[in-house]
Amino acid sequence: MNATARAGGLVVALALACAACATPVQAQLAGSNLLLFQLGNWPPSMPDRGTPDRESFYDRLDVQYVSATVLAGLRFETDRNSDLENEYAGFTQRFVDWHDATGFRLRVGNCTTILGRGLVHRSFELPGVVLEETGFRTRFTPVRDVDGFLAEFERGPVALRAIGGAPSEGGVSLAHEEILGVPRHHGHIAGGQGVLALPRQSHVGAIVMRSPAGIDPATSLPRQHTLGSGFVDLDPLRILGLEGPALPTYFEYAQQDRTFGEWWAFDTRDPTPHALYAGTNLLWSTFTLSLEWKDYSHFRLGTNDPPSLVPEHTEVLLNRTTHVLVADDEEGYQAEASWSPVPWGSVVLNRSRADGANGDRYEEWYAALRALPRGGARVDGGVFYDRGADSTTGITRRDTYGFDVTARWRTRWSAKLDVERQSSERKSFIPATLSIGLTQFEDVHVSLAGTLADVGSVGFAWDRTTDELDPSWDAGRTTALHLFSWNASARISDGNEAVLFLGRRRGGLACTAGTCYFVQPFEGFEARLVSRF
Amino acid sequence: MRLARTGPGRTPFVRRFALVLAGALGIVAHAVAAPSLERAPAPEFNARSLDGRDLRLAVLRLHGPVIVEFWATWCEPCREALTELEGWRKQYGPRGLEIVAVSVDGPRNISKVRPYVARLHLQFPVVIDEDQRIQKCYQANQMPTAFLVDRAGNIASIRVGYRRGDTSFATRLESLFRADSTAASSPR
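Residues numbered from 1 in each chain as written. Chains lettered and ligands numbered in written order. Predicted model: local features only at pLDDT ≥ 70, side-chain atom pairs only at ≥ 80, totals over all residues.

**Q** Break down helix α3 (residues 76-92) of chain B for me, citing the residues and quoting the values.
**A** If you check α3 of chain B, its first and last C-alpha atoms are 25 Å apart, about what 17 residues at 1.5 Å a residue would give, namely 24 Å. Those residues of α3 of chain B that fall on the buried side of the exposure criterion are Cys78, Arg79, Ala81, Leu82, Leu85 and Tyr92 of chain B. (Helix = DSSP H or I, 4+ residues; strand = E, 2+ residues; numbered from the N terminus. Expected span 1.5 Å × (residues − 1). Buried ≥ 20, exposed ≤ 12 C-beta atoms within 10 Å, placed from the backbone.)

**Q** Before we move on, could you go through helix α4 (residues 110-119) of chain B and cite the residues and values that matter?
**A** Where burial is concerned, most of α4 of chain B is hidden: ten out of the ten residues are buried. Elements that come into contact with the buried residues of α4 of chain B comprise β18 (274-284), β19 (287-297), β20 (329-342) and β21 (345-356) of chain A together with β4 (98-103) and β5 (126-128) of chain B. A positive backbone phi angle near 60° is found at His121 of chain B, which sits one or two residues after α4 of chain B. (Contact = placed C-beta atoms within 7 Å.)

**Q** I'd like a description of the environment of Leu120 of chain B, backed by residues and values.
**A** Residue and element names in this part refer to chain B. Relative to the helices and strands, Leu120 resides in the loop between α4 and β5. Residues Leu120 and Leu82 lie 38 residues apart in sequence; the distance between their C-alpha atoms is 8.1 Å. With residues near it in sequence (within four places) discarded, Leu120 still touches Arg79, Leu82, Thr83 and Glu86.

**Q** I'd love a proper account of the sheet that holds β4 of chain B, names of residues and values included.
**A** Residue and element names in this part refer to chain B. Here five strands make up an open sheet; going across it, the order is β5-β4-β3-β6-β7 and the pairing mixed. For this open sheet the edge positions go to β5 and β7 (155-160), each flanked by a neighbour on one side alone. Averaged over neighbouring strand pairs, the angle between their axes works out to 20° when direction is ignored. Sheet topology note: the strand β6 (residues 145-149)/β7 ladder contains five bridges and is antiparallel. What sits directly across from Phe147, in β7, is Ile158. Contacts from α3 reach β3 (66-71), β4 and β6 within the one sheet, and its direction differs from that of β3 by about 160°. (Pairing = 2+ DSSP bridges. Axes fitted to C-alpha atoms, helices over the stretch in contact; angles between N-to-C directions.)

**Q** Describe unusual backbone geometry, naming the residues involved and giving the relevant values.
**A** Following Met143 of chain B, the chain continues into Pro144 of chain B via a peptide bond in cis, with omega recorded as -5°. Even without being glycine, Asn358 of chain A reaches a positive phi, approximately 55°. Counting through the fold element by element, Asn358 of chain A comes out in the loop between β21 and β22 (361-371). Residue Asn358 of chain A is classed as exposed on the basis of its C-beta count, with 7 C-beta atoms lying within 10 Å. With a phi angle near 65°, Thr411 of chain A is a residue other than glycine that sits in the positive phi range.

**Q** Account for the confidence of the model for chain B, with residues named and values stated.
**A** All names here are of chain B. On average, residues of chain B score 78 in pLDDT, and 75% of them are at 70 or above. Here helix α1 (residues 10-31) is the element of chain B with the lowest mean pLDDT, 46, and β3 is the one with the highest, 96. Under a pLDDT of 50 for its full length, residues 1-11 has, in the predicted model, 13 contacts with residues more than four places off or in other chains. Below a pLDDT of 50 lies the segment residues 20-36, which in the model reaches 23 contacts outside its immediate sequence neighbourhood of four places, other chains included. Interface predicted TM-score (ipTM) for the complex: 0.79; the corresponding pTM is 0.86. (pLDDT = per-residue confidence, 0-100.)

The following block contains the structure:
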């Protein structure tokens, strides 16, 4: 964080302290804290892991002053470890946000927002997620934000929003600034959107954004792209006055460095930089059908987040094999139908496909059945089956299936069993034959957890894999890798909860709120204390 | 890359720590006169529900207690929590309970929210918090998280996560209704 930002943090801190002393009745200081302690380390298969009994703690403290018109906040983060490796401590977020009754709102400091559906701009945070970098080992809370301002105004049918400042891709910790001198926020963006509300809940909007485009080799000065987007949000059935079924529909088309007149051509030829997203839902009684289409070309801006049209599964093995959108070149669709013919059961069917550059293709079929007899008073559960392939990761075939069941008794007791199996085939380099070939591997996940409401839970998980690319796979291993772990959670008091982990945690991809990231494997003991005050 | 804890980077940490300590002291000093987050004023918000209703917390709480539930389609425990809330809507709705379910699904899953709501037969208003504004005001970092707001606009209880059979939140809701009926029946 540079000197200006530090000064800003100081000002907000002092303002919070002063506000604490002068808080009127309808205002409050509120905070939350996450303390993460680890004793252990990455598995021996990971390079540069250091001592096996590494001890570390990460802490994130959020303090907010909340009143009827003002919201001010600070975030303090620190990462410390016994290897004395890449440690840091400091303010990573500070902002002041105020609004009035006229519909005007202004926020200064760290800001996040979304324009349209995120084709042109989306800044966001992944609450509750703590990432750990591999090369420059350090932990942090990922926040893709803008260090600048956010202004909003709404009156009648018109809503305006503007944002500007230095963006961050959210991929590094404060240690990069403190130790390497590399700022987390760099470059400059400025833009906004206007939305006009029309009758029958229809909206039209336009977005303009200026974003970094690298360095001009001729002048050695930063260049800016100009991005333009237009969208429409309507329900044709509502417009026609039909009651009962609904058909909410959204369409957005964005382009880069083109004129307003060219926008209307909806040019989707490659390599013209463009992003097109269209989505609709048919809602009819207990039947719903969701259809989405995407066409992105050269639209990975670093400050945007277009819809990926890839299902985000809650099933453990499917979540860690989610396709990651390639906004540089991807075109595809997602269709999902769900039906609840009876109050105690539902079925979901999903079909997704995306075609990218060089013939890359991702596709997936998914089906799930869920049953909730008698409102789930005694038992509920579900089964699923998924077949997919993703050539961006070399996966030529992937079959996943499993079930979960939850049983309840004596009102407060419950137990949940989750069983999943995945068999995959991957095209990769085979060292034994020095050639590209197909390898098969298998993953199994079993977890069992018991919960006593009001008190806490205890769980056990077993993962088995024969995937030689797993981060925990040690060189020379010829048998399956087994990872066992125990976890427990307990409510210590109102506002304080502890989560404990003991054993071996599997590393790899994980996806939360539509964003995927890499989770480091871990072996040892971990304690997580979440507090609110 | 490994760097020792001592050295030029050490002093700023001490300074920052002192700064945080100073801020914390301010909070502690204030805490003598102010309650904790529970019983604190609930951050005001206005939002538009999926069915086009304009929702303002200040207006909703005029009818009775309000539950603000943060959830997402990708969150498995949220399904149970929302199902329970629908039951509470039927049970306590006639007594004035208002429920607002705030979806924190990102752009990837916005198209899933309406079908999800339809599949669970939810009748209370659902809001999509596209820019995470409401979520940040309430510091809802875990899904699901529920806030119970009383008629005065203060947070009466917070439920982080969901465990079926956990009675503390429902008990607090019942106590709010009892307090309301006591206040209504007491002579002015």
